[in-house]
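# Remarks on the overall topology
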Amino acid sequence: QIQLVESGGGLVQTGGSLRLACAISDLTISPYTVAWFRQGPGKEREIVAGIERSGHITHYADFVKGRFTIAKDGAEKTVYLEMNSLKPEDTAIYFCAASLWLSYISTAPENYYYWGQGTQVTVSS
């Protein structure tokens, strides 16, 4: 059983930056496909970015391309989401999700088995 713990959320002004971290605790050394999703008030959960388990392939939602960057650390125990040029519409709870079995980056939340508790990101105008 693994646990995902997000951190780094907070309140920031429009145009500001935040760096989210997803710490993965695991008793085995396993490569995971990891994705960041977000869910705004009254909205469905949507993928923001993902990184395939090899670490060589990434995916970004169109609304964050050029502003957000996803990366794994060398030990693959933490996945980061660097968020720049933040906009009020980026306000949401951000969740980290992981899968041992996906060999690609799925945009469907139901394809990820492990989830963190979420971290709130609020962008003020």
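Below is a summary of the structure that appears in this document. (Residues numbered from 1 in each chain as written. Predicted model: local features only at pLDDT ≥ 70, side-chain atom pairs only at ≥ 80, totals over all residues. Heavy atoms only, no water.)

## Comments concerning the overall build of the protein chain
Stated formally: In this text, helices come from DSSP runs of H or I with a minimum length of four residues, and strands from runs of E with a minimum of two, each type numbered from the N-terminal end. Two things to know: the radius of gyration comes from C-alpha atoms, and the globule rule equals 2.2 Å times the number of residues to the power 0.38. Classification of residues uses two cut-offs on accessible area relative to the type maximum, computed with a 1.4 Å probe and protein chains only: under 20% is buried, over 50% is exposed, and between them is partly exposed. We call two residues in contact whenever any of their non-hydrogen atoms come within 4.5 Å of each other. For every accessible area listed, the method is Shrake-Rupley and the probe measures 1.4 Å; residues are considered covered only by the protein chains on display.
Scanning the protein chain for helices and strands turns up zero helices and 11 strands. The secondary structure elements of the protein chain, listed N-terminal to C-terminal, are β-β-β-β-β-β-β-β-β-β-β. The C-alpha atoms of the protein chain give a radius of gyration of 13 Å, which matches the 14 Å a tight globule of 125 residues would have. Taking the principal axes of its C-alpha atoms as reference, the protein chain extends roughly 45 × 25 × 25 Å. Expressed as a percentage of the 125 residues in the protein chain, the buried residues total 46%. Sequence-distant contacts, at least 24 apart, represent 57% of the contacts inside the protein chain between residues at least 6 apart. With an accessible surface of roughly 6400 Å², the protein chain has 52% of that area assigned to carbon and sulfur atoms.

## Some words on the sheet that holds strand 7 (residues 68-72)
Cut-off, in case you're wondering: Pairing between strands is defined by DSSP: at least two bridges between them are needed. Helix axes are fitted to C-alpha atoms over the stretch in contact, other axes to C-alpha atoms as well, and angles between N-to-C directions run from 0 to 180 degrees.
Within the open sheet, the four strands sit side by side as 1-3-8-7. Their pairing is antiparallel. For this open sheet the edge positions go to strand 1 (3-7) and strand 7, each flanked by a neighbour on one side alone. Taken over all neighbouring pairs, the strand axes of this sheet differ in orientation by 15° on average, direction set aside.

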